[in-house]
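Architecture at a glance
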Amino acid sequence: MEEAKTIYIAGLGLIGASLALGIKRDHPDYTILGYNRSDKSREVALERGIVDRATADFKEFAPLADVIILAVPIKQTIDFLAILAEMDLKDGVIITDAGSTKGEIVAAAEKYLTGRSVQFVGSHPMAGSHKSGAIAADVNLFENAYYIFTPTSLTKPKTLEVLKDLLSGLHARFVEIDAAEHDRVTSQISHFPHVLAASLMEQAGDYAKEHEMTNHFAAGGFRDMTRIAESEPGMWSSILLTNKEAVIGRIEDFKARLDHVTQLISQNDEDGIWNFFNRGRLTRKAMEIHKRGGVDSSYDLFVDIPDEEDVILHILELLRGTSLVNIHINEENREDINGILQISFKNEKDLNHAAKVITENTTYQVTID
Ligand code: NAD
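Cut-offs used in this document
- Residues numbered from 1 in each chain as written.
- Predicted model: local features only at pLDDT ≥ 70, side-chain atom pairs only at ≥ 80, totals over all residues.
- Heavy atoms only, no water.
- UniProt positions renumbered as here; feature names shortened; annotations may be inferred.
- 1 Å grid on protein atoms, 1.4 Å probe; cavity = no way out; pocket = protein on both sides within 12 Å on 5 of 7 lines; lining within 4 Å.
- Points joined across faces, edges and corners; volume = space filled by probe spheres on them.
- Helix = DSSP H or I, 4+ residues; strand = E, 2+ residues; numbered from the N terminus.
- Nonpolar A, V, L, I, M, F, W, Y, C, P; charged D, E, K, R; others polar.
- Polar contact = N/O pair within 3.5 Å; in protein donor to acceptor, adjacent residues only side chain to side chain.
- Contact = heavy atoms within 4.5 Å.
- Buried < 20%, exposed > 50% of the residue type's maximum accessible area, 1.4 Å probe, protein only.
- Near = heavy atom within 4 Å.
- Areas by Shrake-Rupley, 256 points an atom, 1.4 Å probe, with all protein chains shown as cover.
- Pairing = 2+ DSSP bridges.
- Axes fitted to C-alpha atoms, helices over the stretch in contact; angles between N-to-C directions.

An unreviewed UniProt entry annotates the protein chain as Prephenate dehydrogenase of Streptococcus dentapri. Its UniProt record gives the protein chain the following Sequence similarities (unreviewed entry) comment, quoted word for word: "Belongs to the prephenate/arogenate dehydrogenase family." Per UniProt, the comment on the protein chain under Pathway (unreviewed entry) is "Amino-acid biosynthesis."

Have a look at this one:
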C-alpha cells in the first residue's frame, strides 16, 4: 500500500481550499495541513474538514510536509520561497505554487532553492471565480480545467508523477509548458482581455455620464465582453506587474489593429471591413472555445421556452443532479418571440444528458451551440 503523505497548503483561499478538497477526494488518508493569515478562512477550513490542522504561522508546518503548495498571491509566494530556503525541510520535499503568472515565481524558486534537497515545479490551476476565501471552496472548481505545470531545473520526472497522482481528484487536465511561454500565451488569452474589459467598462461609464441611455441599452453582447471586468483588482494588478513585457506587447499590437480598422472605416472600405469581421468570425469558430473545458469555458444549451408559469422550474427539475454552472434568460428578446433559456454545464456528458431529457420530456426546441 502506498504511504500516506502529509500535504501543506499555504493560503486557504478559493484556490488553496479547493485544492485541499480535490486532494482529499482521491486521498482521504493523507493529512492536509493549512496556513492562513486571517482567522476567517482558517476557521471555515477547520469547521468544514477541508484541512486537518491549521496555523497562522507559515513556518510551523513546513518541516512536516512531503508536498508544500503555496496558494497565496504572487508576491507572497516569492517571499515564502525565500523563507523556505532558510528552513530545515524534509529531504526531497516537493514545493509548488498556484500563481497566475509563472516567470517570476520560477526564477525566484531557482534563485532561492538551487542546491537544496528540494524539488520545485511551477503550477497554475487555470480555473477560478470572482469569489474568494475558503468559504468559496469547491471540489469541482478544476474539473476539466487545464492544470499547468512549468518545470524548472529543480523538477525531476518523478516530481510531476507524484503531483499528478496527488491532484488526480481535481479531474483536471495536466499540461506541461515552459514558464515564459505560459506567460506569453496567458497574456494573450487572459491578461490582455482583462485590460480590455476594464477599459471598455471605463469608457462606457464615462460615456453614460453624457448619454444616459448607455446603461439601459447595454445588453448581451456588451455583457459578454465585460464580464471579467468584475474580477478582483488586487490579483489582476499583480498579474500585470509580473508579466509586463508580454502584456504591453499585446496592448501595442492591439493599438495597431484598432488603427487599421479606423482606417478601413474612414476610407469607406466596405470589403476590408467585411473581411475584418469575417476573419474574426472564422477564427473564433475554428478555436471552438465553447466546445472545450478550460479557462471559464462551458458547454451551453439553448432552450426556446414559452412565456408560461413554471417552465424554468420544470426544466431545472429535469436537470437535477447535473453539473449545471450557469443559467441565463436571454434578455434581448422581443415580446413577440419566445424566451431563450441558456444553460451552461461543466462537461459534455451533462450537456448531452440535459439535451436528451429536455427533448424527451418537453416540446421545447433545444439547441446545442
Ligand atoms: P484568495 O483571495 O481566495 O486567497 C488568497 C490567500 O492568500 C488567502 O488565504 C489570504 O489569506 C492569503 N494572503 C493574501 N495576502 C497574504 C499575505 N500578504 N500574507 C499571507 N497570506 C496572504 O485568492 P485565490 O483566488 O485563492 O488566489 C491564490 C493564488 O492563486 C494567487 O497567486 C492567484 O494568482 C492564483 N490563482 C487564482 C485564480 C483565481 O481565479 N482566483 C486562478 C488561478 C490561480
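Here's the deal with the layout of surface pockets
Of the volumes computed, that of the second largest pocket is approximately 230 Å³. Listed by contribution, the elements that provide at least two residues to the lining of the second largest pocket are β5 (93-97) and α6 (157-166). Partitioning the lining of the second largest pocket into residue classes produces five nonpolar, two polar and seven charged.

As for the side chain of Ser344
Here Ser344 is to be found in strand β11 (residues 339-345). Side-chain polar atoms of Ser344 contact the side chain of Asp300, separated by 2.9 Å. Beyond its immediate sequence surroundings of up to four residues, Ser344 is in contact with Ser298, Tyr299, Asp300, Ser323, Leu324, Val325 and Asn326.

Here's the deal with unusual backbone geometry
Note: most residues except glycine have negative phi, and most peptide bonds are trans. Unlike most non-glycine residues, Asn144 shows phi in positive territory, near 70°. Note that Asn144 resides in the loop between β6 (118-125) and β7 (146-151). Judged by relative accessible area, which is 18%, Asn144 ranks as buried. In this structure, His171 takes a positive phi of about 60° despite not being glycine. Topologically, His171 is positioned in the loop between α6 and β8 (173-176).

Section: the site of the ligand
Taken together, 24 residues form the shell around the ligand, and within it Leu14, Ile15, Asn36, Val72 and Ser100 come nearest. One of the backbone N or O atoms of Leu14 is found 2.9 Å from an oxygen atom in the ligand. For the ligand, a nitrogen atom lies 3.3 Å from a polar atom in the side chain of Arg37. The protein chains hide 83% of the 820 Å² of surface that the ligand would expose on its own. Going through the elements one at a time, α1 (14-26), α4 (74-85) and β6 are the ones with two or more residues in the shell around the ligand. For the shell around the ligand, the residue count by class is 12 nonpolar, 11 polar and one charged.

Things to note about the sheet that holds strand β12 (residues 366-368)
As summarised here, the arrangement of the four strands in space is β10-β11-β9-β12, forming an open sheet in which the pairing is antiparallel. A strand with exactly one partner marks an edge of an open sheet, and here the two such strands are β10 (324-329) and β12. When the angles between neighbouring strand axes are averaged without regard to direction, this sheet yields 20°. Examined bridge by bridge, strand β9 (residues 299-305) and β12 share three bridges and lie antiparallel to one another. Paired with Val303 across the bridge in β12 is Val366.

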